[in-house]
Amino acid sequence: MDPNVADLVNACTAIESSLMNEVKGLASDDDLKRLNKLRGVGKDPEDVLIQFKAGMEQLKSTNMDVCSRAELNGASSSVDKTIKNLKFAKQQKKLIGSLLDQLDEDTALDLLFMCDNTGSMKSHVDSVRNFIDGVVKYLEANMQGLKIRLAYVGYREIGDHPQFETLDFSADVGGFKEFLKNVQFFGGGSPLADIEGGVNRALDLDWTSEASQLIHIADYPTHGLKYHSGLYDAYPKGNPNGLVLGKLLKNLRERGVNYGFCHITEHTKKMVKVLNSELGEPGDERYIKEYSLVKPEDIKTVSLLATTSLVSKSFTKTARVGKSGPLPEIKLYKDRPVYKDLPELGGYKYDVEPPQTLSDIKAPLPRKAGLRVSVRIAENPFAKGGCRAAFYGTIDDVRVVFKLDFRPKKGVSKGGVDTKGLEGQAIARFLAKKFCDENKGKRIEFIPTSIVVLDDGRVLYSEAELKGNWIKFCNNHKNWSLATFSKTVASFLVWSYEVTNGYIMVSDLQGVVDSNSLEGGRKGYRLTDPAVLCKDMKRFQPTNTGEMGMKRLIASLVHRTQASTATRPNGSANASCPGKSKVAGNIGDSFQLVSVD
């Protein structure tokens, strides 16, 4: 081969390889040295590649042997492919950055305080104002970058003038506090008050943020004998204006507004119990969460309720990086089917070979041979996430959960079944085992997942059922649920980043606390559906937010740890988390606000 051709091809190949390794997060010291040398003298390696390609085209016009021409053609084609990949990586990074910036803008909470303003509340005025002030201060201190819009609805009895005092949503916290100082408590000939009127006013407010929370403070219930026992009631059949409290609350729930009720006396408990019964279905979580105004610790608890609302809202939005268009409307059916009555279908189940070493996670995982299986699947889903809906079903008469993409693919490509969607959970499962091996007594487990291709062409994901209360710990952006924070789970997330030298982070952590099924009966976590963030933006899509997502998650975690430490007496820190992580080592008990560890 012509020496000039060989030198040009070798130089070009070296830069191509280094650039692509850098994009994938796999750059060696030699790669970085080569690229930094070019950048140090003001040369963009991509521009150098383009110059090399131009040189190849010039050489093609000269006389040369067949072997040299073939080498030049191959090298020129490779450069085109590399430039295309680099362009894609830049566009993807720009898209992710734009999305994350938009999510920062959208990290907002609409928080409404609705309060009984009748005369019976006079003795509780200071407690109410201190409570509201405490919730606002707690959120400001602990939610990094959170934009809070505050509103107030005060209601009195039918016939009082004025019957309502209302402040619509505003980001002016100072103005809200000034409004609150001037709220008057009077009226109400009987102890009951017009709660329906208050909720109706709440529905008319300007709810616009991603997360919405209503906190209701009252000492007595509304009208209607079913809501109380032995209290004088001028309207025993209920609201005389035709308003029905259950229907109003259903409207709130359909708008995505979460509801928390702060009891001051025992008189309101029957009303909340009746409403939760009317609003719920068997197995449903209670819509109205209950707290006590007289317990100082409930300032924190109510604040956490609002943050849980925020995190759950972010999951759906963040989970669809690179997707466009609205999600389809899906009706959920929570009742389990009669499995034996479901039609029996045939198909093949596929798995991937699990990684054995940290090096294995940097390459695609091999697909195992398919196994013939018998499948039954419910007609309607019982739950949905950001990308998929979940269905009850069985594989060979063993109960499982099937997950189907909102925009499902059908059939199998020429290259066979695409099992890339299994790699994230397989890698998370491998890393969790390694984490537990290094931290004895700590248990995190990701359940195994498979792909099932039915004979009718549908492609399903399957996994074992998880039993217990579902918990969302964090998403793949920067939001952590303070209400269900686990130092073990947080430590694992940071550890996954550090043990892979920043190549991978296992995020979007969710699942159940399990005290029975893990080794030795020890308490631990059974998780599923993680979002694996990776330097290589071509992998683990559509939920991979890359290095930017990783850095934001860690920054928000550090912010909360520092904020909580600063509020403790003498700024003392609690015991560190397990693991060798420098960041995880600073995550103490400060956010163990619900005993999930």
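Up top you'll find the structure we're talking about.
The structure presented is a predicted model; accordingly, all values stated were derived computationally and were not measured.

## Considering the sheet that holds strand β2 (residues 147–155)
The strands making up a sheet are joined through hydrogen bonds of the backbone, oriented either antiparallel or parallel. Reading across the sheet, the six strands line up as β3-β2-β1-β4-β5-β6 and stay open at both edges, with mixed pairing between neighbours. The sheet is open, and its two borders are formed by β3 (164–170) and β6 (288–292), each paired with just one other strand. Put simply, the sheet's adjacent strands are angled 20° from each other on average, direction ignored. In this structure, strand β1 (residues 108–116) lies alongside strand β4 (residues 211–218), joined through seven bridges in parallel fashion. If you follow Phe113 over to β4, its bridge partner there is Ile215. Helix α7 (residues 195–203) rests against β1, β2, β3, β4 and β5 (257–263) of the sheet, and its axis sits at about 150° to β2. Across the sheet, helix α8 (residues 245–254) is in contact with β4, β5 and β6; its angle to β5 comes to roughly 130°.

## Details of the environment of Lys147
Relative to the helices and strands, Lys147 resides in strand β2. Lys147 sits in the partly exposed class, given a relative accessible area of 36%. Residues Lys147 and Leu109 lie 38 residues apart in sequence; the distance between their C-alpha atoms is 6.3 Å.

## Focus: helix α9 (residues 269–279)
Within α9 the residues assigned to the buried category are Met271, Val272, Leu275, Asn276 and Leu279. The buried residues of α9 occupy an angular sector of 130° when the element is viewed end-on, so they sit on one face. Facing away from the buried side of α9, by more than 90 degrees, are the exposed residues Lys273 and Ser277. Where α9 is buried, its residues contact α7, α8, β5 and β6.

The rules we used
- Residues numbered from 1 in each chain as written.
- Predicted model: local features only at pLDDT ≥ 70, side-chain atom pairs only at ≥ 80, totals over all residues.
- Heavy atoms only, no water.
- Pairing = 2+ DSSP bridges.
- Helix = DSSP H or I, 4+ residues; strand = E, 2+ residues; numbered from the N terminus.
- Axes fitted to C-alpha atoms, helices over the stretch in contact; angles between N-to-C directions.
- Contact = heavy atoms within 4.5 Å.
- Buried < 20%, exposed > 50% of the residue type's maximum accessible area, 1.4 Å probe, protein only.
- Arc of directions from axis to C-beta.

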